[in-house]
Amino acid sequence: MEIKIGKTSGFCYGVKNAVEKAEAELSHSNETVYCLGELVHNKNVTEKLKKNGLEFIEDIEQTKGKTIIRAHGVKKEIYQQAQKKNIELVDLTCPNVLKIHNIVQKYALENYYIFVIGERNHPEVIGTYSFCGKNSTIISNIEEVEETIEQLKKSKLKKLLIISQTTFNIKLFEEIVKDIRGKVYEDVQVEVQCTICNATELRQRETEELSKEVDLMIIVGGKNSSNTNKLYDISCKNCNNVIFAENEKDIEKEKISGFEKIGIMAGASTPKEIIEEIVRLINNEKELQKV
């Protein structure tokens, strides 16, 4: 049995930055530190931070002190509310997401209509959309393109910016952009900025290659993690046997036996130790098969 672990598995820069700084805040604070929403989409990380004293809240009105802004970012109004309530914010929004906020605000001021390509209910997309102004629309799939272009037409704006969620599927983004270009009116100036982060793109491409080489693919990460779900979808297209696991407890031993090559890829919010635990589980099973 051969185990192949994706080189891009585990924490990306934005997650690593958020987790390390959150841990530092907890170690230096004598008072309760709050976090608005999940810091990152990984249950194991969330539980560890809870044990260390971080209190998670869903509404800024619930905070009673220093409050962390999660890696996915928040709506523009949150910053305004916090300022009015004199709440100290520790902004751990991923730098790539903050960059998108700055881009859309700039283009909105220059009278661009903005298409945000991403998952409508994802916290990153909700946050980004709030910075776009009234002339903007979220596109989650290719079927929504035609209706969205009608909204652009009604606005009478002649400039269009297309951006994306940082963890969106790169191939789907390219398909949607191609469809928009084919349907948008010729007198509209179209600018495309592929804001899918480099780490996400590399991870998706590596997952595609790895899933073609193995008999069993194990995707490790939070079930509510957008980037991890994309890895699972990519793997399912290329490998007949795919397991989605948050940790080693999600893996039934009988489902990993009998395979010659096993591939492992982990989402951007998955701690290194979770990957190591799964590798140990597989190696233990491998040793048992020899007996």
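This text follows the structure it describes.
Note that the coordinates shown come from a computational prediction; the quantities given were computed from them, not determined experimentally.

Cut-offs applied
- The residue numbering used here restarts from 1 in each chain and proceeds along that chain's sequence as written.
- Local features in this predicted model are restricted to residues whose pLDDT is 70 or higher, and side-chain atom pairs enter the listing and the counts only when it is 80 or higher, whereas totals over whole chains, interfaces and linings include all residues.
- Note that the side-chain values use all heavy atoms of the structure and ignore hydrogens as well as water.
- Going along the chain from the N terminus, every DSSP run of H or I of four or more residues is numbered as a helix, and every run of E of two or more is numbered as a strand.
- With a 1.4 Å probe rolled over the protein chains alone, any residue whose accessible area is under 20% of its type maximum counts as buried; one over 50% counts as exposed, and the rest are partly exposed.
- In what follows, residue pairs with any heavy atoms lying within 4.5 Å of each other are defined as contacts.
- The criterion for strand pairing is that DSSP finds at least two bridges linking the strands in question.
- Helix axes are fitted only over the stretch in contact, all axes being lines through C-alpha atoms; the angle between N-to-C directions runs from 0 to 180 degrees.
- For a helix, the expected span equals 1.5 Å multiplied by the residue count minus one.
- To obtain the arc, one takes the directions from the helix axis to the C-beta atoms.

Undergrad: An account of the side chain of Thr 207 is needed here, citing residue identities and associated values.
TA: Position of Thr 207 relative to the elements: it lies in helix 8 (residues 198-213). Classification of Thr 207 by relative accessible area gives buried; the value is 0%. With near-sequence residues (within four places) excluded, Thr 207 lies in contact with Met 217, Ile 219, Leu 231, Ile 234, Ser 235 and Met 265.

Undergrad: Lay out the sheet that holds strand 5 (residues 89-91) in plain terms, naming residues and giving numbers.
TA: Reading across the sheet, the four strands line up as 3-2-4-5 and stay open at both edges, with parallel pairing between neighbours. The two strands at the open ends of the sheet, each matched to only one other strand, are strand 3 (54-57) and strand 5. Going across the sheet, the axis of each strand differs from the next one's by a mean of 30 degrees, ignoring polarity. Taken together, the four bridges between strand 2 (residues 33-36) and strand 3 define a ladder with parallel strand orientation. Along strand 3, the bridge assignment pairs Leu 36 with Ile 57.

Undergrad: With reference to specific residues and values, describe helix 4 (residues 95-109).
TA: Here helix 4 spans 22 Å end to end across 15 residues, near enough to the 21 Å set by a 1.5 Å rise per residue. Every buried residue of helix 4 is accounted for by Val 97, Ile 100, His 101, Ile 103, Val 104 and Tyr 107. Buried positions in helix 4, seen along its axis, are confined to an arc of 165 degrees and lie on one side of it. Of the exposed residues in helix 4, the ones pointing more than 90 degrees away from its buried face are Lys 99, Asn 102 and Leu 109. Here the buried face of helix 4 lies against strand 6 (113-117), helix 5 (123-130), strand 8 (159-164) and strand 9 (189-192). Two residues or fewer past helix 4, Asn 111 is found with a positive phi of approximately 65 degrees.

In short, shape yes, function no, at least from these values alone.
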